[in-house]
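In case you want the letters, here they are:
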Amino acid sequence: MAEIKVPVVRNILQANERLASENRRRFDEAGIFVINLMSSPGAGKTSLLEKTIETLAGRMGIAVIEGDLQSSRDAERIQKKGVQAVQINTEGGCHLDGNMIQIAMDSIDLSGVDLLIIENVGNLVCPAEFNLGEHEKITMLSVAEGDDKPVKYPLMFQICSVLLVNKIDLLPYTDCDVEKIRQTSRQLNPGGLVFEISCRTGEGFEPWLSWIENKVGEHRKNRSGAAPHADKS
Amino acid sequence: MHELSIAQSLLDIIVDESQRHRLGRVDKVRLRIGELAAVVPESLRFCFDLVSRDTVAGGAVIEIETVAVAARCDKCDLSFEVKERVFQCPQCGEPVFEMLGGRELEVVNIEGETGGEDG
Ligand SMILES: Nc1nc2c(ncn2[C@@H]2O[C@H](COP(=O)(O)OP(=O)(O)OP(=O)(O)O)[C@@H](O)[C@H]2O)c(=O)[nH]1
Ligand SMILES: [Mg+2]
Ligand SMILES: [Zn+2]
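Because the structure is a prediction, the values reported are computed rather than measured.

A.B. asks: Hey, could you go over unusual backbone geometry for me, with residue numbers and the actual values?
C.D. replies: The backbone of A:Val9 shows a phi angle near 50°, a positive value even though the residue is not glycine. Within the secondary structure, A:Val9 is located in strand β1 (residues 3-11). Judged by its relative accessible area of 55%, A:Val9 falls in the exposed class. The phi dihedral of B:Asp54 falls on the positive side, at around 60°, and the residue is not glycine. Checked against the element boundaries, B:Asp54 lands in the loop between α2 (41-52) and β2 (61-67).

Shown next as structure tokens:
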């Protein structure tokens, strides 16, 4: 017996990373644009999906994966809008991972789908570390949660392509300073976009919807252009 | 919390490496964790103690090296430490988009004893 030191140098999350890249390959083969939507509980993720689907469902095929600790309430809300929705119950797990998405994909008919939105479990910390194979991460913050959140939960605001500041209809009733949110998230994430919206009134939806339509267009192009160069960006 | 699934993944790697290197017992594990990683060290240690019980790594000490956030300005070709989480070049003042480090969640090495189960 001898005491030895073994160099390892391995990413602890490599198993999940592998699953995520398998998912990604599948999405790219199908030419589907995939979003991982994250926020704290109740910021308005499902409301955003309902409102987004209302406008976009006539223009593209949409499917949704709903992650929740329990219940299939959110998936039912989405199905009412006439869109495929699969519920994942994490039974206590605080985030979705690549494996859960792989399983959920078996219950989705991908033909005709252009946009897949994954609503992560409501949580501003844990989902940030687990890639699902998505093309873009979207973080949502509602103004009622306070303007200090980017400072307190930096990773979630650092990794997102778009920050949606929701519930701006409530601004008169809060002390939230949206300019402060913009400034701190710009410092963390200079390349990120910020859209201010209200899922209640529909205010501010235009830039968000056209951002999605552009992205979906790009991914569609990759599908129809039979050249197998799915590895850009 | 997610530290539990991270601890489980960490254990999987340690078990794999200890088999590969024929370790009968793992005493120490060294990790590198980026300042921006969403992991609470105490919580990770606690979860690791739970999942590693009755395994080759039961009772192992977890040493954590914290990695500062680093970025690179492509205009100035300058790599620097990101202070106060402001991704801005200290030389030209422009925003920087290339992150070099700060999100690590890595195993660096493990220490243990080769051979039998006893001891
Ligand atoms: N005033 C106002 N209320 C909103 C807005 N968006 C959502 N809500 C309300 O906020 C509550 C939570 O909305 P959800 O869409 O269920 O939030 P969620 O993020 O999906 O919640 P979880 O899935 O439980 O994490 C509901 O009562 C919504 O009606 C908004 O823009 N303004
Ligand atoms: Mg919801
Ligand atoms: Zn510079």
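So that's the structure; there's more coming.
A.B. asks: Hey, could you go over the interface of chain B and chain A for me, with residue numbers and the actual values?
C.D. replies: Contacts between the two partners involve 38 residues from chain B and, on the opposite side, 31 residues from chain A. Surface buried jointly by chain B and chain A totals about 3100 Å² across both partners, of which 63% is contributed by carbon and sulfur atoms. Taken as a group, B:His2, B:Arg103 and B:Leu105 account for 17% of the area that chain B buries against chain A, more than any other trio of residues on that side. Viewed at the interface, chain A and chain B are joined by 4 salt bridges. Between B:Asp16 and A:Arg10 there is a salt bridge whose closest N-O contact spans 2.7 Å. At the boundary of chain B with chain A, the tally comes to 12 residue pairs in polar contact (both at pLDDT 80 or more). Elements with a contribution of two residues or more to the side of chain B that touches chain A: α1 (3-20), β1 (23-34) and β6 (105-114) of chain B. Here the side of chain B that touches chain A gets 10 residues from one element, more than from any other, and that element is β6(B).

A.B. asks: Which residues make up the coordination of the magnesium ion (ligand 2), and what values go with them?
C.D. replies: All names here are of chain A. Around the magnesium ion (ligand 2), the protein contributes the donor atoms Thr 46 (OG1), Asp 74 (OD) and Glu 119 (OE), at 2.1 to 2.2 Å from the metal centre. In terms of primary sequence, the donors binding the magnesium ion (ligand 2) are separated according to T-x27-D-x44-E. Within this pair, whereas Asp 74 is found in helix α3 (residues 73-79), its partner Glu 119 is found in strand β5 (residues 115-119), the two being separated by 45 residues in sequence. Here Asp 74 and Glu 119 have matching classes, each one buried.

A.B. asks: Pulling in residues and values, what's your account of the sheet that holds strand β3 (residues 62-68) of chain A?
C.D. replies: Pairing between the strands of a sheet is mediated by backbone hydrogen bonds and can be parallel or antiparallel. Residues and elements named next belong to chain A. Strand order in the open sheet formed by 7 strands is β4-β3-β5-β2-β6-β7-β8, and the pairing between neighbours is parallel. The sheet is open, and its two borders are formed by β4 (84-89) and β8 (193-196), each paired with just one other strand. When strand polarity is set aside, the average angle formed by the axes of neighbouring strands in this sheet is 20°. Pairing between strand β2 (residues 33-38) and β5: 5 bridges, direction parallel. From the neighbouring strand, Asn 36 faces β5, where its bridge partner is Ile 118. With respect to the sheet, helix α4 (residues 98-105) is in contact with β3, β4 and β5, its orientation differing from that of β4 by roughly 140°.

A.B. asks: Which residues make up the pairing of strand β7 (residues 162-166) of chain A, and what values do they have?
C.D. replies: All names here are of chain A. Along β7, 5 of the 5 residues are buried, which leaves the element largely enclosed by surrounding structure. The two faces of β7 match: Val 162, Leu 164 and Asn 166 on one face and Leu 163 and Val 165 on the other face are all buried. In the sheet, strand β6 (residues 136-142) pairs with β7 via 5 bridges, with the strands oriented parallel. Opposite Ile 138, over in β7, you have Val 162 as the bridge partner. As defined by bridge partners, β7 adjoins β8 across 4 bridges and the pair is classed as parallel. Residue pairing for β8: Leu 164 is matched across the bridge by Phe 195.

A.B. asks: I'd love a proper account of the coordination of the zinc ion (ligand 3), names of residues and values included.
C.D. replies: Residue and element names in this part refer to chain B. At the metal site, the zinc ion (ligand 3) is ligated by Cys 73 (SG), Cys 76 (SG), Cys 89 (SG) and Cys 92 (SG), and these contacts range over 2.3 Å. Seen from the zinc ion (ligand 3), its 4 donor atoms lie at angles of 105 to 113°, and the figure they make is tetrahedral. Given a relative accessible area of 2%, Cys 73 falls into the buried group. Cys 92 sits in the partly exposed class, given a relative accessible area of 35%.

A.B. asks: I'd like to hear about the packing of aromatic side chains, residue by residue, with values.
C.D. replies: All names here are of chain A. Evaluation of the coordinates by the stated rule reveals 2 aromatic pairs over all chains. With 5.9 Å between their ring centres and 65° between their planes, Phe 33 and Trp 211 make a pair best called edge-to-face. Taken together, the residues Phe 33 in strand β2 and Trp 211 in helix α8 (residues 205-224) connect sequence positions 178 residues apart. On the accessibility criterion, Phe 33 (0% relative accessible area) is buried. When the ring of Trp 208 is compared with that of Trp 211, the centres are 5.9 Å apart and the planes differ by 15°; the resulting orientation is stacked.

The rules behind the values
- Residues numbered from 1 in each chain as written.
- Chains lettered and ligands numbered in written order.
- Predicted model: local features only at pLDDT ≥ 70, side-chain atom pairs only at ≥ 80, totals over all residues.
- Heavy atoms only, no water.
- Helix = DSSP H or I, 4+ residues; strand = E, 2+ residues; numbered from the N terminus.
- Buried < 20%, exposed > 50% of the residue type's maximum accessible area, 1.4 Å probe, protein only.
- Contact = heavy atoms within 4.5 Å.
- Buried area = accessible area lost by both parts, 1.4 Å probe.
- Salt bridge = Lys/Arg side-chain N within 4 Å of Asp/Glu carboxyl O.
- Polar contact = N/O pair within 3.5 Å; in protein donor to acceptor, adjacent residues only side chain to side chain.
- Donors = N, O, S within 2.8 Å, 3.2 Å for Na, K, Ca; no water.
- Pairing = 2+ DSSP bridges.
- Axes fitted to C-alpha atoms, helices over the stretch in contact; angles between N-to-C directions.
- Tetrahedral: all angles 85-135°; square planar, octahedral: opposite > 155°, others 65-115°.
- Phe/Tyr/Trp six-rings, centres within 6.5 Å; stacked < 30°, edge-to-face > 60°.

Purely geometric numbers; function is a separate question.
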